[in-house]
Amino acid sequence: MSDVEVGVELGSLDEVPVGEGRTFAVDGAQIAVFRLRDGSLRAIDAVCPHKGGPLADGLADDRVVVCPLHGYTFDMCSGAEVSGSGLSVRSYPVEAVDGMIRINR
């Protein structure tokens, strides 16, 4: 897993519709960014560690995203898989700055 640099811009906020997720490539990593219904953002690794499912395509609410391939559910704040499977993805602090999506750390 690659480390993402501090303050990396991923793309325009307009690229992620409210209630959906999109994948961005940065520094050799695939990052899934979700724009929640309240307008806040969450960012996690875009690839499920189970079988490589595209997490940005999964169903998400304000706390979790469900992998569309096999149903593993990841907490978007911690990255932990919620059933206790031991799987996890990296979560990233993310914010919108002047209409751009920025990974903070």
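Quick note: structure is the one above.
Here is what the cut-offs are and how they apply
Residues numbered from 1 in each chain as written. Predicted model: local features only at pLDDT ≥ 70, side-chain atom pairs only at ≥ 80, totals over all residues. Heavy atoms only, no water. Pairing = 2+ DSSP bridges. Helix = DSSP H or I, 4+ residues; strand = E, 2+ residues; numbered from the N terminus. Axes fitted to C-alpha atoms, helices over the stretch in contact; angles between N-to-C directions. Disulfide = S-S within 2.5 Å. Core = buried A, V, L, I, M, F, W, Y, C linked by side-chain atoms within 4.5 Å. Buried < 20%, exposed > 50% of the residue type's maximum accessible area, 1.4 Å probe, protein only. Contact = heavy atoms within 4.5 Å.

Enquirer: So what's going on with the sheet that holds strand β3 (residues 29-35)? Residues and values would help.
Expert: The antiparallel open sheet is built from 4 strands, whose spatial order is β2-β3-β4-β8. Two strands bound the open sheet, and with one partner strand each, they are β2 (20-26) and β8 (91-92). Taken together, the 7 bridges between β2 and β3 define a ladder with antiparallel strand orientation. Counted as the bridge partner of E20 is R35 from β3.

Enquirer: I'd like to hear about the sheet that holds strand β1 (residues 8-12), residue by residue, with values.
Expert: Remark on secondary structure: sheet strands pair via backbone hydrogen bonds, oriented parallel or antiparallel. In space, the 3 strands of this open sheet follow the order β1-β10-β9, with antiparallel pairing throughout. Looking along the sheet, the strands with just one partner apiece sit at the ends: β1 and β9 (94-97). On average, each strand axis in the sheet is inclined to that of its neighbour by 30°, with strand direction left out of account. Summarising the sheet, β9 and strand β10 (residues 100-103) pair through 4 bridges and their orientation is antiparallel. By the bridge assignment for β10, E95 is matched with R102.

Enquirer: Would you mind going over the state of the cysteines in detail, with residue names and values included?
Expert: Throughout this description, disulfide means a covalent bond between two cysteine sulfur atoms. Scanning the model with the defined rule gives 0 disulfides in all. Among the cysteines around C77, which has no disulfide bond, C48 carries the closest sulfur, lying 18 Å off.

Enquirer: Please give an account of the nonpolar core that cites residues and values.
Expert: Formed by 15 residues in total, the largest nonpolar core has its most connected members in L10, I31, V33, A43, I101 and I103. Broken down by secondary-structure element, the contributors of at least two residues to this core are β1, β2, β3, β4 (41-45) and β10. For this core, the element with the highest residue contribution is β3, accounting for 3 residues. Setting aside residues up to four positions removed in sequence, L10 forms contacts with F24, V26, I31, V33, I101 and I103.

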